[in-house]
Amino acid sequence: MAKKNDLTVEEKLRALYDLQLVDSRIDEIRNVRGELPLEVEDLEDEVAGLNKRLQKLDDDIDVINADIKSKKNLIDESKTTIKKYSEQQKNVRNNREFNALSKEVEFQELEIELAEKHIKEYKVQIEQKKQIIEQTQGRLKDREAHLEHKKGELDAILSETEKEEQALIDRSEQYETEIDTRLVKAYKRIRTNVKNGLAIVPVERGASGGSYFTIPPQVIMEIAGRKKIITDEHSGRILVDEELANEEKEKMNQLFQSM
């Protein structure tokens with residue numbers, strides 16, 4: 001190819017349309033993947049979140065079990081204290097000492113009662129958390145299976161298209177270096193602004209590709225003359241004649257088949 005500054009208008013149009021065909025093929029490949037990469041990412045986040053929740057629930061149960069152990073130790077200590085005070089009551093010298101020890105025994109018995117109540121409450125909490133763990137594990141198993149399935153789908157698509165996509169990306173970048181920078185910027189701007197990414201379209205049945213707006217015959221003749229770059233006044237797309245488009249499509253289809 002000649003230097004990009006020395007290209008004729010026709011050569012510029014052909015180069016731009018080739019770039020469009022390559023970029024459209026990349027779009028097709030990415031559309032096949034669709035939302036799969038995002039679905040996989042969301043599922044991975046969900047699985048990580050469920051695992052984190054299970055870990056927290058296990059940690060909570062460990063803390064509650066530690067609290068139960070502490071309360072059981074308190075009960076043992078209170079029982080030991082009660083036994084000690086009961087023995088002391090046998091050797092008291094007056095009612096005042098006996099009543100004081102009785103109050104200490106009563107206090108320790110209340111401590112035991114309160115500790116046993118707390119233990120029961122803790123055990124209920126553990127059962128509740130175990131139920132949540134069971135439900136969460138079921139959810140996790142389902143999400144992991146779904147993630148594995150989606151990863152399989154994505155891997156299969158990637159294995160089929162990854163090599164071709166990278167080759168096309170390289171080809172697109174190469175084409176960009178061969179086209180005037182100003183035209184490349186205009187092309188990218190149009191691609192960004194149109195819904196289907198088609199910045200360069202052929203004239204089909206008297207209208208620009210994908211448009212219902214007819215083009216005046218005089219303009220169609222100018223497009224076919226390939227002497228200047230003409231844009232569609234309605235969509236802003238760059239227009240090429242159908243014959244040029246078909247020639248470049250045939251050439252690029254051979255390229256795609258070889259990839």
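Presented here is an overview of the structure given in this document. Everything quoted here is computed from the prediction, not taken from an experiment. (Residues numbered from 1 in each chain as written. Predicted model: local features only at pLDDT ≥ 70, side-chain atom pairs only at ≥ 80, totals over all residues. Heavy atoms only, no water.)

## Remarks on the overall build of the chain
Here is step 1 of the chain: Along the chain, the regular secondary structure elements total 6 helices and 4 strands.
Here is step 2 of the chain: A compact globule built from 259 residues should have a C-alpha radius of gyration of about 18 Å, whereas the chain, at 39 Å, is more than 25% larger.
Here is step 3 of the chain: The buried share of the chain, reckoned over its 259 residues, is 34%.
Here is step 4 of the chain: In the chain, the share of contacts with a sequence separation of at least 24, taken over all contacts with a separation of at least 6, comes to 77%. (Helix = DSSP H or I, 4+ residues; strand = E, 2+ residues; numbered from the N terminus. Rg over C-alpha atoms; globule rule 2.2 N^0.38 Å. Buried < 20%, exposed > 50% of the residue type's maximum accessible area, 1.4 Å probe, protein only. Contact = heavy atoms within 4.5 Å.)

## Focus on the nonpolar core
Here is step 1 of the chain: In terms of nonpolar packing, the biggest core is built from 26 residues, with L16, V22, I179, I200, V240 and M252 touching the most fellow members.
Here is step 2 of the chain: For this core, the secondary structure elements donating two or more residues are α1 (9-33), α3 (95-178), α4 (181-193), β4 (238-240) and α6 (242-258).
Here is step 3 of the chain: With residues up to four places along the chain from it excluded, the contact list for V22 reads L168, R171, S172, Y175, M252 and F256.
Here is step 4 of the chain: Residues L36, V40, L50 and L154 belong to the second largest nonpolar core, which totals 13 residues. (Core = buried A, V, L, I, M, F, W, Y, C linked by side-chain atoms within 4.5 Å.)

## Remarks on the sheet that holds strand β3 (residues 230-231)
Here is step 1 of the chain: A sheet is described by the order of its strands in space; here 4 strands give the open sequence β2-β1-β4-β3, paired in mixed fashion. The outermost strands of the open sheet, each flanked by one partner alone, are β2 (207-208) and β3. (Pairing = 2+ DSSP bridges.)

## Some thoughts on the pattern of salt bridges
Proximity of charged atoms lets side chains of opposite charge pair with each other.
Here is step 1 of the chain: Here the structure, examined in full by the defined rule, presents 25 salt bridges.
Here is step 2 of the chain: A salt bridge links D142 to R143, with the nearest nitrogen and oxygen atoms 3.2 Å apart.
Here is step 3 of the chain: Each of E10, R14, D18, R226, D241, E247, E248 and K251 takes part in salt bridges that share partners, so that together they form one network. (Salt bridge = Lys/Arg side-chain N within 4 Å of Asp/Glu carboxyl O.)

## Comments concerning the side chain of Q108
Here is step 1 of the chain: Inspection of the secondary structure puts Q108 in helix α3.
Here is step 2 of the chain: With a relative accessible area of 13%, Q108 lands in the buried category.
Here is step 3 of the chain: Look past the residues within four positions of Q108 in its chain and what remains in contact with it is S78, T81 and I82.

## A short note on the side chain of R33
Here is step 1 of the chain: Topologically, R33 is positioned in helix α1.
Here is step 2 of the chain: Here E165 takes part through its side chain, which lies 2.8 Å from a polar atom of the side chain of R33.
Here is step 3 of the chain: Those residues in contact with R33, other than ones at most four positions away along the chain, are L154, I157, L158, T161 and E165. (Polar contact = N/O pair within 3.5 Å; in protein donor to acceptor, adjacent residues only side chain to side chain.)

## Quick word on the pairing of strand β1 (residues 200-204)
Here is step 1 of the chain: Most of β1 sits inside the fold, with 4 of its 5 residues counted as buried.
Here is step 2 of the chain: Where β1 lies against β4, 3 bridges are found, and the strand directions are parallel. What sits directly across from P202, in β4, is V240.
Here is step 3 of the chain: Strand direction decides the pairing type here: β1 and β2, joined by 2 bridges, are antiparallel. Its bridge partner being in β2, V203 is matched across the sheet by S208.
Here is step 4 of the chain: Linking β1 back to β2 in an antiparallel pair, the connection comprises 2 residues, with R205 at a positive phi of about 50 degrees.

## Looking at the packing of helix α2 (residues 36-89) against α3
Here is step 1 of the chain: The geometry of α2 relative to α3 is characterised by a closest axis approach of 7 Å and an angle of 165 degrees between their N-to-C directions. With respect to α3, the element α2 is oriented roughly antiparallel. Considering only the axes of α2 and α3, their crossing is left-handed.
Here is step 2 of the chain: Residues belonging to the contact of α2 with α3 are distributed by class as follows: 29 nonpolar, 14 polar and 23 charged. (Axes fitted to C-alpha atoms, helices over the stretch in contact; angles between N-to-C directions. Parallel < 35°, antiparallel > 145°, perpendicular 65-115°, else oblique. Left-handed = near helix turned anticlockwise from the far one by under 90°. Nonpolar A, V, L, I, M, F, W, Y, C, P; charged D, E, K, R; others polar.)

## Details of the environment of Q137
Here is step 1 of the chain: Within the secondary structure, Q137 is located in helix α3.
Here is step 2 of the chain: A relative accessible area of 45% places Q137 in the partly exposed class.
Here is step 3 of the chain: Between the C-alpha atom of Q137 and that of L54, which follows or precedes it by 83 residues, the distance is 7.7 Å.

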